[in-house]
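Given next are the chains, with one letter for each unit.
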Amino acid sequence: MGINKNKFSFCMLIFLLFLQMYSVLALYEDEIGKHDWTRPFVGRVQHLEFDLPAGTTTKQRSQQLQGGSSSRRLFVATDHNVLAAIGLKSSRIIWRHFLEDAPVNGIKLCDGALFSMSNGLLRSWSTSRGILNYEISVQEQLEAKFAGSLACHEDPDDDRSLVFASTARRLVAVAPLTGALEWAANLDAGSGENHSEVTSFPNPDGLTVVTFDPTAGKMRLHRFGTESGVAKRTATVKAEWLTSLQRLAEQLGHAGPWQSVEEIGGQDLFQLTSNSGAVVAMLDASLATGPTGESLPAGSLLRYRGQVRFLLRQQGDGGGGVTLEASSSSSLVASNKISLSFASHHGRVSQLYPVTFVRKGGSYGYRVVMATRDADLHAFDDTGERQWMREESLAGIVSVEAVDLPSADEDELVTPGGSVFSSFAQRLSGQVHHFIHVLQHLMLCWGARPASQADSLGEFGYPDEAPAPPASAASSSGSGAGSLIRDEFNLHKLLVVATKDGKLAALDSATGRSVWRLMIPMPAAAAAAEGTAAKSARTEARIEPLAGGQMPLYIQRTTAHFPLEPMATVLCRDSSTGRPVLFSFNPITGIGIGLAQRLQSRLLQALLVPQPSHDDGQYIRPLMLLSDTLQVTLYPAKTALPHGFKSLNLYTIDRDNRLLQGYRLRLTEQQQQQQMSAISTWRLALHEPILVTAARRPTEQVHSVGRVLGNRHVLYKYLNPNLLAVATLAKDMVTPAPQIGDAFTQITIWLIDTVSGRVVASATHHHSSGPVSLVHSEHWLVYSLWNQKQRRFQLSVWELFAGNGLRDCMNATQPIVGKQSYILPAPVQHLAVSQTERGITAKSVLLALRSGGIMELNKAFLDPRRPFDMTPEFQEEGLMPYHPEVPMSTQAIVNYNQSLHRVEGMVTVPTGLESTSLLFVHGTDLFCTRVQPSKMFDVLKADFDYAFIAAVTIGMIIGSFVTQRLAARKALFRLWS
């Protein structure tokens, strides 16, 4: 009986497992990564610590690292508020955590654990898996600007360790293992000073804490022991040069210039480093020397690590290579000088992180992790060979444009309607240009082979990606250009991106590989004056986004006009003067077209002319620039306007003054010359802070202008291409304020006609707040917001219909607006809508959820006409009954288990297939996939049985011939009979 019972249990277990197989929702193994790719990043590194083996102290470190690498991994804290562990040999992300929206003040390794401090919270993390051990608060009251620092004290005699967390007002000592508070001390007791920066480092007796007041030019020194929170020594010294360093830090975008402070040789030697150099200050009870404390060459960084001093000198402008000198008074350290080479598009070196280790013979060696101006991270050994490189600059993408690849079919390059001789000449010229481009590409790849090999190391060092290709398959300029050919359905595109650090790059939409990279050059006049300015003010002119963090890209000439090369232009700003800069380049090869141009006046708006000019044979869409003096210029300057062009309407958004203003650009004849002039046509003051705006895409295609109802009537869409959606925030004066917390706010949505300035529709959501995301397409608008009273996220939809039939679809009559709101069970970061080539496919709304998923939601679920009671007419029309909650399906998550956090934007691109649209998501991570709202109705499935269909077709053809022969013979026999 026992044996039968065991068999019965085993059979029941197998049966239950068999049933569970039908409830599993998953991808096939061969479908993972087939049409999508992911690239995870961490962002610009602000704090870095090298790993120590678990349970080691400073005294034990040299014994455990003999003969081994400098460390197993490195820990970083970035500007994206990411805390992560990266493998030192592989550059792979071992683990990472997204912290709250507050800067990380510092990280420190102590007693085998990693400590981080942000927003007044001290956290302890497991170094192996990144598990949170505990967290405690180190501030007694909330501070408007929290500044903090971490230090570790390890006593090798009694194995006692302490973690010191210091703020601008308070210092606490914590036991690393338990998190117990040992003691606390006030740093500003009785001083009456307002210190905005703080840093600390251990000394043989305990801890040294220095608080900085750059506005007053003072530094305050505190020496503490490990037994109690009583300061053994306190001194205030003057340091007038702190004020200039503070201005320097503000220009460079840092929270403060105090990147490294260490004690060397038993003295308080402060090293204050920044992007443009280093300052060493010797501090005692009465003196603090500034930049003259030690004579360093311009453009150098100094770092101390144990007994070794590392001096990094920039070569020339710092792009392409630096020289590192390692020296020490100890005989165990070999002083050497090595050259570190990297591509010029990385810019200058911004930070140096060395680590020393002990070799088997007892001598010291070192590894260097280096951060460049474009936020990329590089790792070198003590021979100067680069081990890997991480493209962290791609975590700061601010604008994206998709470019069609050139076609390999020469027949498409012949202009239709031309004569035979002109077509033959154009075809022959195209083939000659092709041959010249191939030769140039081969010469470029041959000459840049060493740089390409170095630049491709570690390009894809991530655990969830395929291995990197050989070095010859990718390079820093024009890599893989030979394979950049348009496919049959135009699914293969080039994604040209611009980052907030002033860098351009092109990504292959099929693989995610970086095809080329380019640092936006400074204008010629600014570059010539940069050397003099850097020597006097120790500043570095650089390219930065425009106000609001925008760096727009404009595609002025596509690849459809061969042999003319495509042309793209980026609009940015010079950090030294604040003036706008224009730079043109080839989006396929990444080669600049001409020099960067710096404009002399401030721009109000830049807009591409809708159509290119065909008269001059250049096929360039001019870029119209409207200055603050209402002067209109074209870029390029000698570009011809398209035939029949008369006027153009545009608008500007002034977020500071809460103002929208419209202009009309007109072409006038003056002294037999055509000139552009601008006049202000309308002005609208909203009197409320502008949160976000959204407009229709100029290239969006609308397939149907009406919607057929169940009673055979037609509801025509209000298709006004000049509508602008604006969301504003104000204090809610209608709903009473809650008893606890802040007062309620209200969100107002405006639909504004940008030609006349008329408000087409508006709605106010009481007791609502942000974040707000808008998406506007065809005749409808969808936006998300937070309901403060109900404490939930909502999706609201508007649909606009013409009031008087087809003739009012685009006229200025007041449309009929249908509105409805739905409950969304998850918070939303961004919204987007799918785009197809002809607009026939149904639309899908794409939601970037805060949980890391990208959900595809059919627009039919967000229909304001969904009825409460279904009728036969509504059923025939295809409407779904109203339900207040939006369905959340795991099958609708297009990125399955590839979670995407801190999404900054989503871009959809139409392809040659009407059913398919490309989706590119950028933020801390990059993700690209295909979206098919109506499934793939225009292409056969991948598992289509071609052999069976071919056999049936061939059989039917053979059968038709056989039956025809038999029928003919039968007819002949009938005649003879």
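Residues numbered from 1 in each chain as written. Predicted model: local features only at pLDDT ≥ 70, side-chain atom pairs only at ≥ 80, totals over all residues. Heavy atoms only, no water.

Note the threshold: UniProt positions are given in the numbering used here, feature names are shortened, and annotations may be inferred rather than shown by experiment.
In the annotation of an unreviewed UniProt entry, the chain is listed under the name ER membrane protein complex subunit 1 and assigned to Macrostomum lignano. Comment text from UniProt for the chain, heading Sequence similarities (unreviewed entry), reads "Belongs to the EMC1 family."

### A closer look at the state of the cysteines
To be explicit about the condition: Defined by distance alone, a disulfide is two cysteine sulfur atoms within 2.5 Å. Under the scheme used here, helices are H or I runs from DSSP no shorter than 4 residues and strands are E runs no shorter than 2 residues, and both carry numbers assigned from the N terminus. Relative accessibility under 20% of the residue-type maximum defines a buried residue, over 50% an exposed one, and the middle range a partly exposed one, all with a 1.4 Å probe and only protein chains included.
Evaluated as defined, the whole model comprises one disulfide. One disulfide in the model links Cys 110 with Cys 152; its S-S distance is 2.1 Å. Here the disulfide of Cys 110 and Cys 152 is right-handed, its torsion about the S-S bond being about 60°. One end of the pair, Cys 110, is in strand E6 (residues 104-110); the other, Cys 152, is in strand E10 (residues 148-155), with 42 residues separating them in the sequence. Given the relative accessible area of 1%, Cys 110 is considered buried. The class of Cys 152 is buried, set by a relative accessible area of 12%.

### Here's the deal with the side chain of Glu 778
How we decide: Counted as a polar contact is a pair of N or O atoms within 3.5 Å, where, for protein atoms, one must be capable of donating a hydrogen and the other of accepting one, and residues adjacent in sequence contribute only when both atoms are in side chains.
The topology assignment puts Glu 778 in the loop between strand E50 (768-777) and strand E51 (780-787). Side-chain polar atoms of Glu 778 contact the side chain of Lys 717, separated by 3.3 Å.

### Here's the deal with the pattern of salt bridges
Proximity of charged atoms lets side chains of opposite charge pair with each other. This is how it is decided: Salt bridges are counted wherever a side-chain nitrogen of Lys or Arg sits within 4 Å of a carboxyl oxygen of Asp or Glu.
According to the stated counting rule, one finds 26 salt bridges in the structure shown. For Lys 108, the salt bridge goes to Glu 49, with nearest N and O atoms at 3.5 Å. Within this pair, whereas Lys 108 is found in strand E6, its partner Glu 49 is found in strand E2 (residues 45-50), the two being separated by 59 residues in sequence. Relative accessible area serves as the criterion here: at 23%, Lys 108 is assigned to the partly exposed category. Between Arg 390 and Glu 392 there is a salt bridge, with the nearest N and O atoms lying 2.6 Å from each other. Owing to a relative accessible area of 0%, Arg 390 belongs among the buried residues under this scheme. Here the residues in one salt-bridge network are Arg 707, Glu 799, Lys 859, Asp 863, Arg 865 and Glu 877, joined through shared partners.

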